[in-house]
Amino acid sequence: MRDNKKEIQALFDDLLINVTRFFRDEAVFRALKKRFLPTLLKNKRKDRQPELRAWVPGCASGEEVYSLAICILETLGRKPSKMRIQIFGTDLSESVIEHARLGIYSNAIEKDVSPARLKRFFVKRDSTYQIHRNVRDICTFARQNITADPPFSRLDLISCRNVLIYLSPELHKRCIPQFHYALTAGGYLILGPAESVGLYDELFKLVDKKNKIYAKAAVTTPRTADLIPQRGLELSHFGTRSTVGAGAHLGGDLLKVADRIMLSAYAPAAVVIDQDMHVQQFRGRTDLFLEHTPGPATFNLVQLARPTLAADLRATIHRAIKTDKPARKERAKVKLSGRSNEINIQAVPFRIPASDKSWLLVIFDETTKATKPEKLPRALGKTATEREVGELRRELAAAKESLQAIIEEQEATNEELKSSNEEIESSNEELQSTNEELETAKEELQSTNEELTTLNEELSNRNLEMMQLTGELNNLLASIQMPIVMVDNALTVRRATPAARTAFNILPTDIGRPLTELRPNIDVPDLENVLREVIETLGTRERKVTDQTGRKYSLRVRPYRTTDNKIDGAVLTLIDIDGDSDRGSSKKRKRGAREKQEVTTE
Ligand SMILES: C[S@@+](CC[C@H](N)C(=O)[O-])C[C@H]1O[C@@H](n2cnc3c(N)ncnc32)[C@H](O)[C@@H]1O
């Protein structure tokens, strides 16, 4: 089911109740023909290019649209007329729209449509009737969702019968103001027998209670769920031929182009601006109201607006921004090709979910007709001067409002500048204190640096001294004929005099090796024990030892004391005691010789 688009569409269509018939509630159509359409058409006839526009949202298979078309054509009469009739029929269901567009109905309609109407407005084909081409030509059908898509505009009539009953009160809140927005002044809204405008009775006046016909009240449309499309105007189904066959595979592109054409044909000109009045998007034919003036390029709407519109435009936008509600200016003056025209300006603030910025849709509504100034209020019996004064007063009021808006804008800018200035000042103070801290830190670093330099000098002096001392020590050790060895606590050789190298068999590479690992030329089997004993007991040990040639030595082991009086190993000294006995006998020998000499002299 999920993968079967056709089945899903069929289920969707089944859920929508498409029950309808021709001239459903005949009294409504009678009232329209008798009371409302004649006045509407009469008023329209005064226009230079008269056009009557109607919309039937939720039109199902089109019977209501064609019933309305028939009523209008009957009211117009058989005489040729300049009046352009345009009726839009829209529905959520695609299949019923296809049916409406074809306009083919079974002969069961005979019970609802009179034989005269069948004859005039239908073509009989076997057991079916097709709406006559002339009637079909004035009816345009499209798929449209009244709860999500934007409405049509500049309408004289909206017939939304038996649709609202299927929608929740929440959705009514979107639809009713939308209908108010879409109707021109003096337009009518027709609802079904069980429906009403509900809470929005200030927007519409009930003019036919029995038939639920409402007249648009001259009040500003409230801001409701945006009139901006939530997913674009889906008008791809205008004209069956456009989406079936060759165009079907073009999908989205076709839809977008069709949307654009529809919007440019039926939607009023508008621009989307940001809070700074910069145009972000142009919609429809805005060239009538905006122009580029020589000088640097700008997207500022007020600068782009035709000079006569600028004041009203600025004031309306400013009001909308200030109140965060739609603002409207009726009968704003604009000069087009030398003629004075009046238009309505509407500024609608809105937000989009993806951004927290606020935007405005500024709509230029041409509903007010072009008027030649001299023709204007003659009916009111005013003199030309009075008219001029009135006109100037109006312009002055608009200029005042615009000036006020500029002053407020200026004040707001000033406030912003003030607060920015305060922020800058406080940042400046913070920077200053940081600077002071940095200065102190710098001074501290400088003195530390000086101390380090002194220390460095001391160390290099010490180093020199040490080098000198080491040199002296090395020389001393080298000149001593006595074998001396220094070991640390781990009994590794630290230093040895050249004479010790022979006695203890120490090579220069043996410095750093344990003495006990070397094989000394003297015979000391318990050398390790002696060394440990000395280090532990801090006492001096002495013993007689002989080398491999039988020469006798006295081995003296003393603890090694550091300058701070710690024991850090031991010092071994080897004294040749064989040489001592030789020296003793030569002394004896010298003494004997002397004694002999003394005896001889006596
Ligand atoms: C009972 S029919 C009414 C037909 C006709 N207006 C009449 O009174 O005879 C209701 C129609 O409203 C359509 N509908 C329901 N919700 C809609 C919506 N949100 N937008 C447009 N049409 C809708 C349905 O598809 C259905 O065709």
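Structure: above.
The present account deals with the structure reproduced in this document. (Residues numbered from 1 in each chain as written. Predicted model: local features only at pLDDT ≥ 70, side-chain atom pairs only at ≥ 80, totals over all residues. Heavy atoms only, no water.)

Some remarks on the site of the ligand
Step number 1: Within the structure, the ligand sits among 19 residues, and Thr-20, Arg-24, Glu-64, Asp-91 and Asn-162 are positioned closest to it.
Step number 2: Within the backbone of Arg-161, one N or O atom sits 2.8 Å away from a nitrogen atom of the ligand.
Step number 3: Protein chains bury 97% of the 600 Å² of accessible surface belonging to the ligand in isolation.
Step number 4: Among the residues making up the shell around the ligand, the classes are represented as eight nonpolar, seven polar and four charged. (Near = heavy atom within 4 Å. Polar contact = N/O pair within 3.5 Å; in protein donor to acceptor, adjacent residues only side chain to side chain. Areas by Shrake-Rupley, 256 points an atom, 1.4 Å probe, with all protein chains shown as cover. Nonpolar A, V, L, I, M, F, W, Y, C, P; charged D, E, K, R; others polar.)

A closer look at the sheet that holds strand S19 (residues 552-561)
Step number 1: With respect to topology, five strands assemble into an open sheet ordered S17-S16-S20-S19-S18, the strand pairing being antiparallel. In this open sheet, the two strands that pair with only one neighbour each are strand S17 (493-496) and strand S18 (541-546). Neighbour to neighbour, the strand axes of the sheet diverge by 20° on average, direction disregarded.
Step number 2: Relative to strand S20 (residues 567-576), strand S16 (residues 484-487) runs antiparallel, the two sharing four bridges. Following the sheet pairing, Ile-484 is matched in S20 by Thr-573.
Step number 3: Running over the sheet, helix H14 (residues 527-537) touches S16, S18, S19 and S20 and is turned about 130° from S20. (Pairing = 2+ DSSP bridges. Helix = DSSP H or I, 4+ residues; strand = E, 2+ residues; numbered from the N terminus. Axes fitted to C-alpha atoms, helices over the stretch in contact; angles between N-to-C directions. Contact = heavy atoms within 4.5 Å.)

Some remarks on the pairing of strand S4 (residues 122-125)
Step number 1: As defined by bridge partners, S4 adjoins strand S5 (residues 128-131) across four bridges and the pair is classed as antiparallel. Looking across to S5, one finds that Arg-125 is bridged to Thr-128.

Examining the packing of helix H2 (residues 26-45) against helix H3 (residues 63-76)
The packing of two helices is summarised by the inter-axis angle and the distance between the axes.
Step number 1: Axis separation between H2 and H3 bottoms out at 9 Å; the angle between their running directions is 60°. Classified by the angle their axes make, H2 and H3 are oblique. In this structure, H2 meets H3 at a crossing whose hand is right-handed. Each of Phe-29, Leu-32, Lys-33, Leu-37, Pro-38, Leu-41 and Arg-45 in H2 lies in contact with H3, whose residues at this interface are Glu-64, Ser-67, Leu-68, Cys-71, Ile-72, Glu-74, Thr-75 and Leu-76.
Step number 2: Considering only residue class, the contact of H2 with H3 consists of nine nonpolar, two polar and four charged. (Parallel < 35°, antiparallel > 145°, perpendicular 65-115°, else oblique. Left-handed = near helix turned anticlockwise from the far one by under 90°.)

Concerning helix H12 (residues 384-479)
Step number 1: Here H12 spans 135 Å end to end across 96 residues, near enough to the 142 Å set by a 1.5 Å rise per residue.
Step number 2: Those residues of H12 not exposed but buried are Arg-387, Ala-398, Ser-402, Ala-405 and Leu-477. (Expected span 1.5 Å × (residues − 1). Buried < 20%, exposed > 50% of the residue type's maximum accessible area, 1.4 Å probe, protein only.)

What about the sheet that holds strand S8 (residues 183-191)?
Step number 1: Judged by pairing direction, the sheet is mixed, and its seven strands sit side by side in the order S6-S2-S1-S7-S8-S10-S9 without closing on themselves. On the outer flanks of this sheet lie strand S6 (139-143) and strand S9 (204-208), each paired with one strand and no other. Within this sheet the neighbouring strands show an average axis-to-axis angle of 20°, counted without direction.
Step number 2: Here strand S7 (residues 155-160) pairs with S8 via five bridges, running parallel. By the bridge assignment for S8, Cys-160 is matched with Leu-191.
Step number 3: On the sheet, H3 packs against strand S1 (51-57), strand S2 (84-91), S6 and S7 and is oriented at approximately 165° with respect to S2.
Step number 4: Each of S1, S7, S8, S9 and strand S10 (213-216) touches helix H7 (residues 169-182); the most contacted strand, S8, lies at about 140° to it.

Examining the nonpolar core
Step number 1: Counting 45 residues, the largest nonpolar core has Phe-22, Ile-87, Phe-122 and Leu-157 as the members making the most contacts within it.
Step number 2: The greatest single-element share of this core, amounting to nine residues, is contributed by H3.
Step number 3: Listed in part, the 26 residues of the second largest apolar core include Val-271, Met-277, Val-302 and Leu-313. (Core = buried A, V, L, I, M, F, W, Y, C linked by side-chain atoms within 4.5 Å.)

Comments concerning the pattern of salt bridges
Step number 1: Applying the stated criterion to the full structure yields 25 salt bridges.
Step number 2: A salt bridge links Glu-342 to Arg-331; its shortest N-O distance comes to 2.8 Å. Of the two residues, Glu-342 is situated in strand S14 (residues 339-351) and Arg-331 in strand S13 (residues 327-336); the sequence distance between them amounts to eleven residues.
Step number 3: Among the ionic contacts, a cluster of salt bridges with common partners joins Arg-21, Lys-111 and Asp-112. (Salt bridge = Lys/Arg side-chain N within 4 Å of Asp/Glu carboxyl O.)

Concerning a nonpolar patch on the surface
Step number 1: Nonpolar side chains collect at one region of the surface, where Ile-17, Val-19, Ile-165 and Tyr-166 lie side by side and expose about 400 Å² of accessible area between them.
Step number 2: Structurally, the position occupied by Ile-17 is in the loop between helix H1 (5-15) and H2. (Patch = residues over 30% accessible without salt bridge, like charges linked within 9 Å, V, L, I, M, F, W, Y side chains within 5 Å.)

Topic: the side chain of Lys-333
Step number 1: Tracing the chain through its elements places Lys-333 in strand S13.
Step number 2: Using a relative accessible area of 13% as the deciding quantity, one classes Lys-333 as buried.
Step number 3: Reaching out from Lys-333, the side chain makes a polar contact with the side chain of Glu-342 at a distance of 2.9 Å.
Step number 4: Setting aside anything within four residues of it in sequence, one finds Lys-333 in contact with Thr-308, Leu-309, Asp-312, Ser-340, Asn-341, Glu-342, Glu-391 and Arg-394.

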